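# Observations on the three-dimensional arrangement
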Amino acid sequence: MTLFMDAHTLEGGVSAADVAGAHAADLEKQGAYGVSYLRYWVDEAAGKIFCLVEAPDAEAANTVHREAHGLVADEIYAVTEGT
């Protein structure tokens, strides 16, 4: 599995509660694609959301987002965890 960090930008801002709901929807869908959404971060005023996910590939991670709530990432990067 590869570790990915994705980034979303929503014009007009976003609420932490809405992101929590989207994350819960991701968790319901992820098993079908061998994906594991681990954590997320939100900047409500800027409309920025960052998701840390283990997935076989970037497309599998985006497929979960697409099917769960329709908010696919604007950018997605393979990352290595540091200490």
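See above for the structure.
Residues numbered from 1 in each chain as written. Predicted model: local features only at pLDDT ≥ 70, side-chain atom pairs only at ≥ 80, totals over all residues. Heavy atoms only, no water.

### Some points on the environment of Gly-13
Here Gly-13 is to be found in the loop between strand 1 (2-9) and helix 1 (16-29). For the pair Gly-13 and Ala-32, spaced 19 residues apart in the sequence, the C-alpha separation amounts to 30 Å. (Helix = DSSP H or I, 4+ residues; strand = E, 2+ residues; numbered from the N terminus.)

### Quick notes on the nonpolar core
Counting 12 residues, the largest nonpolar core consists of Phe-4, Val-14, Val-19, Val-35, Tyr-37, Ile-49, Cys-51, Val-53, Ala-55, Ala-60, Ala-61 and Val-64. At 4 residues, the largest contribution of residues to this core is made by strand 3 (residues 48-55). With near-sequence residues (within four places) excluded, Val-53 lies in contact with Thr-2, Leu-3, Phe-4, Val-35, Ser-36, Tyr-37, Leu-38 and Ala-61. (Core = buried A, V, L, I, M, F, W, Y, C linked by side-chain atoms within 4.5 Å. Buried < 20%, exposed > 50% of the residue type's maximum accessible area, 1.4 Å probe, protein only. Contact = heavy atoms within 4.5 Å.)

### Quick look at helix 2 (residues 58-68)
Listed in full, the buried residues belonging to helix 2 are Ala-60, Ala-61, Asn-62, Thr-63, Val-64 and His-65. Where helix 2 is buried, its residues touch strand 1, helix 1, strand 2 (36-43), strand 3 and strand 4 (75-78). Where helix 2 begins, the capping side chain belongs to Asp-57, and its oxygen is found 3.2 Å from the backbone nitrogen of Glu-59. (Polar contact = N/O pair within 3.5 Å; in protein donor to acceptor, adjacent residues only side chain to side chain.)

### Here we look at the pairing of strand 3
Where strand 1 lies against strand 3, 8 bridges are found, and the strand directions are antiparallel. Note on strand 3: the bridge partner recorded for Thr-2 is Ala-55. Relative to strand 3, strand 2 is paired through 7 bridges, and the arrangement is antiparallel. Of the residues in strand 3, the one forming a bridge with Val-42 is Ile-49. (Pairing = 2+ DSSP bridges.)

### A look at the pattern of salt bridges
This model, assessed by the stated rule, comprises 1 salt bridge. Linking Glu-59 and Arg-66 is a salt bridge whose minimum nitrogen-to-oxygen distance equals 3.4 Å. Residue classification places Glu-59 among the partly exposed residues on the basis of a relative accessible area of 45%. (Salt bridge = Lys/Arg side-chain N within 4 Å of Asp/Glu carboxyl O.)

Geometric values such as these leave the question of function open.
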